[in-house]
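Results of the structural survey
Spelled out, the chains give:
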Amino acid sequence: MSSQKNEVVIGLEVHIQLTNLKTKLFCSCSNNYRGAEPNSYVCPICIGLPGSLPAINKKAIEFATRLAIALNGNINESIYFFRKNYFYPDMSKNFQISQYNKAGGKAFADGGQITIKLNSHKKDIILNRIHLEEDPARLVHKGSIATSPYTLVDYNRSGVCLIEIVTEPVISSPEEAREFLKQLKSIVQYSEISNLDYEGSVRVDANISIRGHERSEVKNINSFREVERALRHEIVRQKNLLKRGKLLAQETRHWDDKRRITISLRTKEFEADYRYFPEQDLVPIEIDDEFIQKVKDELPEMPRERSIRLRRDYNLSEFDSDNLVLDKDIADFYEDGVNSDASFGPDEYKQFCNWLMNDVSRWLNEQNKTINDTKLHPHQIVDLIKYINEGKITTKIAKTIIKDMMEGFSISEILEKKGKKRISDEKLLNKFGNEVIEENPNIVKDCRKNPKAIEALIGRVMAKTRGQADPHITRAIMLELLKELGIIT
Amino acid sequence: MKFYEYMGYELIEKIKNKELSIPELIESCFHRIEETEQILHSFVALSKEKALEKAKSLDKDLEQGKKIGQLYGLPLANKDLICVKGFPTTCSSKILQDYHPPYNAFVIGKLVEQEGAIHIGNTNMDEFAMGSSTENSCYGPTYNPWEISRVSGGSSGGAGASISSGQTILALGSDTGGSIRCPASFCGVVGLKPTYGRVSRYGLIAFANSLDQIGPITKCVYDSALMLEIMSGKDPLDSTSVDMKVDKYTEELSKPIEKKILGIPKEFFGEGVDNEVESAVRKAIDKLESLGAKTIDVSIPHLEYTVATYYLICMSEASSNLARYDGLRYGNMSDNLSGDVYDVFSRTRGERFGPEVRRRIYLGTYALSAGYYDMFYIKALKVRSLIKNDFVEAFNKCDSIVCPTMPLTAFKVGELIDDPLQMYIADVLTCPVNLAGIPALSIPCGFDSNGLPIGFQIIGDYFDEKGILNIGYQLEQELNIYRKMAPAAKGGK
């Protein structure tokens, strides 16, 4: 692979907000600015008023430590901040307090990795570093930036804690990038530091090149979903240029998610000089082994460990358990469910997993919701499995009631409302069976030489009862009736 | 004697004994300002109404036997870069015209809100504290009360002049490379730059944040000791403030100094130091010896590099600290809003910053730029640690270092303003103290042949404000010139 022509090289810089913090990175303003009146969650520090000074949020250090441990990075024992200087209206001080691993600076943690699996092939995505920084304010435009008559600045976001995860340029395809981000999102969720489903909680910059050529940096990718799309576009663009014999320029490009294209912002010679230098208003923070050990001891179970445990405890396949643990809420739901009924064993464990990963997940994806957005309770899935296994409903019917279950209705309520109880009354089924035989002489004739033709008759009975007929009893009755007519022996 | 001729601690006694009411004191102080302000121009804004209102309310509380704090309504002149809630705080810059901070600086909270000082107004300064003469103020210079054709020193020139002319009893200054000690020296008053981290910088508008410290300017050492006692201590909002026990400085002043070893650094008496300054300082050292102190020679071998190092560091930091002034959120924006946001930012900053501030922003930006960073900024940091080590070594041999504060006495207004390099060199004996982060006190020790005050500098080891205040107090009592008022205080020249 690696020697192949047109080999794609991708490195990602992922910025995530630590939404689970109560306060901003350097002041005591609320971190939870979403939905708030613009410029209401601000103070002298986060709007950079003259004379104000930053003071570190210790919880942010703990959260970053959690993530660094979960990603297997080496945490630097002395943490200090740098100023990144540039003028922009979203910057309250016209510099951003960040960390820097050059000019005498150090990142929060160096190295680390995330293992991804693609087409049952495993690969370690090696990380360069993670570091903490403050989020700038939010710029609000009327319509698109280009045509808006004004720019409004909302400083509620200013000073919110971001953590940046920088990979080495080792990602070879948009699919790998997608898998990497999926795993990263999962680890962040398990670390309980952030909810990445919040709008604007994720921003990604991607460095993309075709090996041997100049790279471009694509900025402003504002969700994990967009990343794969932006990468695909940029790779095609670069390959097309090369095909036409053009040279690629080292440049910064902007992802326009409306038009789904990248646009050149500036080329290398116009790159900003950020004049990084130490932020001396913050004293270095010492992170000792004792602290790291304490955070480690308190660190919740991570997805990889959980997957191994689920395989062992519930006899699941690697494929099932890996998928199940990806979303912590789904995995919690699963464990709550299967443990709530003592009669459950390996068959039910598997059934529960299938319902969750197929029908429920599909519905959630279509609705763009998470399991906690719904009223679905684990006990409903337990009931569903029991109804099926006790022959009270068919799998087919079960699939049709998932939507109502999401609204929180119990299965008996739904079946009652829909009249979808299984019909096992033999007299009634006999009546339907006779009707079907009368109405379909050709099929009955067919039954003489084709043993499978009986299925068509059973299907007719099911149709008459709108799927409510018990398939086992129906089959027995049909066999009996055909025997009586001397069609089969 | 007029009230303004008394020391702060004496006035406190008078107020306690009901010989004087707080409104009387504040009114007399505003009367004094009216008498002298047209000549001196120490203040950029006054708070007469509020001050008198507070004086009355403190007086009433005192009548009713309530506690009103240790400062008993003494008037406090604040430097125009320390935030006072709701009061214009402008750094003597056009770019911050009409800026009213929504919060009080830590020191204002301590001195005014907690201990009952009365804020009477903000004093003039070099724009953003950049200068040694207060000529770089957007409001024009503050004149020296000893001779009004001369500068008051800087950057806290308004504070120095307001004390030496009796316009106020207490004043706050800030010191980045000598901005408290220079005006104290030129105006013949006491100024103290504390150890970096001793006093919270929260609410001090930054010039160079790794060097800035707030400190008192007063007529006598006791008053400075009293202010420092109140202002010092850990503030959670300033991470560089140090959580260390605050000494009872006022109680240590009268201790004998006979066992003290004073270091005399030969480099501080070298070329460029005026003969009259040197001789006055040497005489003062003799006095200290007569009080029993021992003297030894020490060396600060890297002194010759300090001005270059100091200016590289303070300009680099300033270029970043002052980036926030773009007119967007507060302060003053250009009247011409044409072009894009960068055009407006550039125009605003070009129009609203004065020439010295612009010069320092240009140079600082240059020094931090890619390709120059290692050559200038990193190198300056290395030299800074060498200078620090010089002091550490010196303090292995002595308790405190004694030397002149300024190599010269107050120069004429306009004399150096067109020669920035000469002006920078005037900081040579004060800025090494800021680079090392140690404390230093300046007290008047005599006059030159023009009748201009000469400053005596006592430099202490880290957090040894106690030691330098003790030596300063003993010398002050021995010299006994601290009650001498500047001529401007007798109706001007």
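Cut-offs applied
Residues numbered from 1 in each chain as written. Chains lettered and ligands numbered in written order. Predicted model: local features only at pLDDT ≥ 70, side-chain atom pairs only at ≥ 80, totals over all residues. Heavy atoms only, no water. Helix = DSSP H or I, 4+ residues; strand = E, 2+ residues; numbered from the N terminus. Buried < 20%, exposed > 50% of the residue type's maximum accessible area, 1.4 Å probe, protein only. Contact = heavy atoms within 4.5 Å. Areas by Shrake-Rupley, 256 points an atom, 1.4 Å probe, with all protein chains shown as cover. Lys, Arg positive; Asp, Glu negative; His and termini not counted. Charge placed at Lys NZ, Arg CZ, Asp CG, Glu CD. 1 Å grid on protein atoms, 1.4 Å probe; cavity = no way out; pocket = protein on both sides within 12 Å on 5 of 7 lines; lining within 4 Å. Points joined across faces, edges and corners; volume = space filled by probe spheres on them. Nonpolar A, V, L, I, M, F, W, Y, C, P; charged D, E, K, R; others polar. Pairing = 2+ DSSP bridges. Axes fitted to C-alpha atoms, helices over the stretch in contact; angles between N-to-C directions. Polar contact = N/O pair within 3.5 Å; in protein donor to acceptor, adjacent residues only side chain to side chain. Parallel < 35°, antiparallel > 145°, perpendicular 65-115°, else oblique. Left-handed = near helix turned anticlockwise from the far one by under 90°. Patch = residues over 30% accessible without salt bridge, like charges linked within 9 Å, V, L, I, M, F, W, Y side chains within 5 Å. Salt bridge = Lys/Arg side-chain N within 4 Å of Asp/Glu carboxyl O. Phe/Tyr/Trp six-rings, centres within 6.5 Å; stacked < 30°, edge-to-face > 60°. Buried area = accessible area lost by both parts, 1.4 Å probe. Core = buried A, V, L, I, M, F, W, Y, C linked by side-chain atoms within 4.5 Å. Domains from an automatic or database assignment. Right-handed = clockwise from strand over helix to strand, strands pointing away.

1. Focus on the overall build of chain A
From N to C terminus, chain A includes 16 helices and 17 strands. C-alpha atoms of chain A, sized along the principal axes, occupy 95 × 55 × 50 Å. Residue burial in chain A is summarised as follows: out of 489 residues, 51% are buried. Counting contacts in chain A only where the partners sit at least 6 residues apart, residues at least 24 apart contribute 68% of the total. Accessible area of chain A: about 24100 Å², with a carbon and sulfur share of 48%. Each charge class in chain A was averaged separately, 74 positive and 73 negative side chains, and the resulting centres sit 6 Å apart.

2. Observations concerning the layout of surface pockets
Of the voids in this model, the second largest pocket is the one considered here, and its volume is about 690 Å³. Lining of the second largest pocket is provided by 28 residues; of these, Gln280(A), Pro284(A), Ser210(B), Arg384(B) and Lys388(B) occupy positions nearest its centre. Counting only elements with at least two residues in the lining of the second largest pocket, the list comes to helix H13 (374-397) and helix H15 (431-436) of chain B. Considering each element in turn, the lining of the second largest pocket owes the most residues, five residues, to H13(B). Partitioning the lining of the second largest pocket into residue classes produces 17 nonpolar, eight polar and three charged.

3. Some points on the sheet that holds strand S12 (residues 440-447) of chain B
All names here are of chain B. As summarised here, the arrangement of the 11 strands in space is S1-S3-S2-S6-S8-S7-S12-S13-S11-S9-S10, forming an open sheet in which the pairing is mixed. At either end of the open sheet lies a strand with only one pairing partner, and these are strand S1 (43-46) and strand S10 (294-298). Pairs of neighbouring strands in the sheet enclose a mean axial angle of 30°, with direction left out of account. Here helix H3 (residues 48-63) sits on the sheet in contact with S1 and strand S3 (118-123), set at roughly 160° to S3. Strand contacts of helix H16 (residues 465-479): strand S7 (190-193), strand S9 (261-265), strand S11 (400-404), S12 and strand S13 (453-460), with the helix running at about 15° to S12, the strand carrying the most contacts.

4. Remarks on the side chain of Ser216(A)
Residues and elements named next belong to chain A. When you line up the elements, Ser216 lands in strand S13 (residues 216-221). Side chain to side chain, Ser216 and Glu234 meet in a polar contact 2.7 Å long. Looking at Ser216, its side chain comes within polar contact range of the side chain of Gln238, at 3.0 Å. Not counting residues within four places of it along the chain, the set of residues in contact with Ser216 comprises Ala206, Asn207, Ile208, Glu234, Arg237, Gln238, Glu251 and Arg253.

5. Describing the packing of helix H15 (residues 453-464) of chain A against helix H16 (residues 471-484) of chain A
Residue and element names in this part refer to chain A. Across the interface, H15 lies against H16 with an axial gap of 10 Å and an inter-helix angle of 125°. Comparing the axis directions of H15 and H16 gives the class oblique. At the point where H15 passes H16, the crossing takes the right-handed sense. On H16, the residues touching Ile454, Glu455, Leu457, Ile458, Val461 and Met462 of H15 are Pro471, Thr474, Arg475, Met478, Leu479 and Leu482. Looking at the contact of H15 with H16 residue by residue, the class counts come to nine nonpolar, one polar and two charged.

6. Looking at a negative patch on the surface
Residues and elements named next belong to chain A. A surface patch of negative charge is lined by Glu77, Glu286, Asp288, Asp289 and Glu290. Looking at where Asp288 falls in the secondary structure, it is placed in the loop between strand S17 (285-286) and helix H4 (289-298). For Asp288, a relative accessible area of 42% corresponds to the partly exposed category.

7. Overview of the packing of aromatic side chains
Inspection of every chain in the model, using the stated rule, returns 27 aromatic pairs over all chains. When the centroid spacing of 5.8 Å and the interplanar angle of 85° are considered together, the rings of Phe186(B) and Phe411(B) count as edge-to-face. Here Phe411(B) lies in the loop between S11 and helix H14 (420-425) and Phe186(B) lies in helix H6 (residues 181-187), a separation of 225 residues in the sequence. Phe411(B) shares its class with Phe186(B); the two are buried. Summarising the aromatic geometry, the rings of Phe391(B) and Phe395(B) are spaced 6.5 Å apart at their centres and angled 25° between planes, so their arrangement reads as stacked. With a gap of four residues between them, Phe391(B) and Phe395(B) both fall in helix H13, about one helical turn apart. Pair check on accessibility: Phe391(B) and Phe395(B) agree, each one buried. Aromatic ring contacts, followed pair by pair, group Phe82(A), Tyr86(A), Tyr100(A), Tyr274(A) and Tyr276(A) into a single cluster.

8. Here we look at the interface of chain B and chain A
Taken residue by residue, the interface counts 40 residues in chain B and 34 residues in chain A. Area buried by chain B at its contact with chain A is led by Ser239(B), Arg324(B) and Arg329(B), which between them contribute 20% of it. In this assembly, chain B and chain A are joined by one salt bridge. At the surface where chain B touches chain A, the tally comes to 24 residue pairs in polar contact (both at pLDDT 80 or more).

9. A word on the pattern of salt bridges
One side chain can pair with another of opposite charge once the charged atoms of both are near each other. Inspection of the entire model under this criterion finds 65 salt bridges over all chains. Glu251(A) is the partner of Arg237(A) in a salt bridge, and the nearest nitrogen-oxygen pair spans 3.5 Å. Of this pair, Arg237(A) sits in helix H3 (residues 224-243) while Glu251(A) sits in strand S14 (residues 251-256), and the two are 14 residues apart along the sequence. Judged by its relative accessible area of 18%, Arg237(A) falls in the buried class. For the salt bridge of Glu34(B) with Lys48(B), the shortest nitrogen-to-oxygen distance reads 3.1 Å. Of this pair, Glu34(B) sits in helix H2 (residues 22-40) while Lys48(B) sits in helix H3, and the two are 14 residues apart along the sequence. Glu34(B) sits in the exposed class, given a relative accessible area of 53%. Each of Glu301(A), Arg306(A), Arg309(A), Arg312(A), Asp313(A), Lys328(A), Asp332(A) and Glu335(A) takes part in a single network of salt bridges with overlapping partners.

10. Notes on the nonpolar core
Residues Leu12(A), Phe108(A), Phe128(B) and Phe456(B) are the most contacted members of the largest nonpolar core, which totals 254 residues. Shared between two domains, this core holds at least three residues of each, these being domain 1 (8-294) and domain 2 (301-418) of chain A. For Phe128(B), the contacting residues outside a window of four places in its chain are Cys91(B), Ser93(B), Ile95(B), Leu96(B), Ile205(B), Phe207(B), Leu322(B), Tyr325(B), Phe353(B) and Val357(B). If you look at the next biggest cluster of nonpolar residues, it comprises 20 residues, including Leu429(A), Phe432(A), Ile443(A) and Cys447(A).

11. Here's the deal with the sheet that holds strand S16 (residues 277-278) of chain A
What the three strands build is an open sheet, ordered S5-S4-S16 (chain A); its pairing is antiparallel. At either margin of the open sheet sits one strand with a lone partner, and together these are strand S5 (95-98) and S16 of chain A. The strands touched by helix H10 (residues 306-321) of chain B are strand S4 (82-85), S5 and S16 of chain A; relative to S4(A), the strand with the most contacts, the crossing angle is about 60°.

12. Looking at the domain arrangement of chain A
Residue and element names in this part refer to chain A. The assigned domain composition of chain A is domain 1 (8-294), domain 2 (301-418) and domain 3 (426-484). With centres defined by C-alpha atoms, the gap from domain 1 to domain 2 works out at 35 Å. Contacts between the two partners involve 14 residues from domain 1, matched on the other side by 15 residues from domain 2. Around 1100 Å² of area is buried between domain 1 and domain 2 when both sides are counted, 50% of it from carbon and sulfur atoms. For domain 1, the biggest contributors to the area lost against domain 2 are Lys117, Gln189 and Tyr190; these three give 51% of the whole. Our count for the domain 1 to domain 2 interface comes out at three salt bridges.

13. Some points on a nonpolar patch on the surface
Residue and element names in this part refer to chain B. Taken together, Tyr366, Tyr372 and Met375 make up a surface patch of nonpolar side chains, about 290 Å² in accessible area. Tracing the sequence through the fold places Tyr372 in the loop between helix H12 (355-368) and H13. Taking relative accessible area as the criterion, Tyr372 reaches 30% and is therefore assigned partly exposed.

14. A short note on the pairing of strand S2 (residues 75-79) of chain B
Residues and elements named next belong to chain B. With five of five residues buried, S2 is to be regarded as a mostly interior element. Alternating positions in S2 separate into two faces, Pro75, Ala77 and Lys79 on one and Leu76 and Asn78 on the other, with burial throughout. The sheet contact formed by S2 and S3 spans five bridges and is parallel. Its bridge partner being in S3, Ala77 is matched across the sheet by Gly121. A crossover links S2 with its parallel partner S3, the connecting element being helix H4 (residues 106-114), and its sense is right-handed. Bridging between S2 and strand S6 (residues 170-175) involves two bridges; their strand directions are parallel. Bridge pairing in S6 places Ala77 opposite Ala171.

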